[in-house]
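Listed below, chain by chain, are the residues.
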Amino acid sequence: MDIVVHEADAEAAVLECSGRLNMVSAPSFRETVAQVVSGGRPKVVVELSNVEFMDSSGLGALVGSLKTARQAGGDLRIAAPSDQVEMVLKLSNMDKILRTYPDGDAAVTDWG
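Because the structure is predicted, anything quoted here is derived from the model rather than measured.

1. Some points on the environment of L48
Logical step 1: You can see L48 is positioned in strand β3 (residues 43–54).
Logical step 2: Between the C-alpha atoms of L48 and A79, which are 31 residues apart in sequence, the distance is 6.2 Å.

2. Remarks on the sheet that holds strand β5 (residues 100–101)
Each strand in a sheet pairs with its neighbour through backbone hydrogen bonds, running either in the same direction (parallel) or in the opposite one (antiparallel).
Logical step 1: An order of β1-β2-β3-β4-β5 is seen for the 5 strands of this open sheet, with the pairing classed as mixed. Each edge of the sheet is formed by a strand with only one pairing partner; in this case those strands are β1 (2–7) and β5.
Logical step 2: Relative to β5, strand β4 (residues 75–79) is paired through 2 bridges, and the arrangement is parallel. Considered in β5, the bridge of I78 is made with T100.
Logical step 3: The strands touched by helix α3 (residues 83–91) within the sheet are β3, β4 and β5, with β3 carrying the most contacts at an inclination of about 110°.
Logical step 4: Those strands touched by helix α4 (residues 104–111) are β2 (12–21), β3, β4 and β5, and its axis lies near 155° from that of β3.

3. Side note on the pairing of β2
Logical step 1: The buried fraction of β2 amounts to 7 of the 10 residues, a majority that puts the element mostly inside the structure.
Logical step 2: Here β1 runs beside β2; their pairing, made up of 6 bridges, is antiparallel. Across the sheet, residue E7 finds its bridge partner in β2, namely A13.
Logical step 3: Connecting β1 to the antiparallel partner β2 that follows it, the hairpin turn spans 4 residues.

4. Some words on helix α2 (residues 56–71)
In an α-helix, one turn spans 3.6 residues, which is why side chains three or four residues apart end up on the same side.
Logical step 1: A rise of 1.5 Å per residue sets the reference length of α2, with its 16 residues, at 22 Å; its end C-alpha atoms lie 22 Å apart and thus fit the reference within 8%.
Logical step 2: The set of residues buried in α2 consists of G58, L59, A61, L62, G64, S65, L66 and A69.
Logical step 3: Buried-residue contacts for α2 involve β2, α1 (26–38), β3, β4 and α3.
Logical step 4: For α2, the N-terminal cap is D55; the gap from its side-chain oxygen to the backbone nitrogen of S57 is 3.0 Å.

Rules behind the numbers
- Residues numbered from 1 in each chain as written.
- Predicted model: local features only at pLDDT ≥ 70, side-chain atom pairs only at ≥ 80, totals over all residues.
- Heavy atoms only, no water.
- Helix = DSSP H or I, 4+ residues; strand = E, 2+ residues; numbered from the N terminus.
- Pairing = 2+ DSSP bridges.
- Contact = heavy atoms within 4.5 Å.
- Axes fitted to C-alpha atoms, helices over the stretch in contact; angles between N-to-C directions.
- Buried < 20%, exposed > 50% of the residue type's maximum accessible area, 1.4 Å probe, protein only.
- Expected span 1.5 Å × (residues − 1).
- Polar contact = N/O pair within 3.5 Å; in protein donor to acceptor, adjacent residues only side chain to side chain.

Have a look at this one:
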């Protein structure tokens, strides 16, 4: 999995992900989010339009990263999930917990 970090504003960052979010890539994903949060950007948007596959390990990484962000006074939001990722979120009912936005800009703007 490739992750490109974009600093959106003083407290927010957008992580543009591509590839597969699975048990192989989940630890590095969590580590990237932890680095972003500890670097002073607790509001994290994860852009998933180019993630072609996510499994339960990837879902666990998203939930763990949500906890990391919230413990730092921020939040984690999903932007533009691919069809497969959206299906996993809905089947697991995690779409009720992880807020989804059409794109990264919309997620950042919603924080105001």
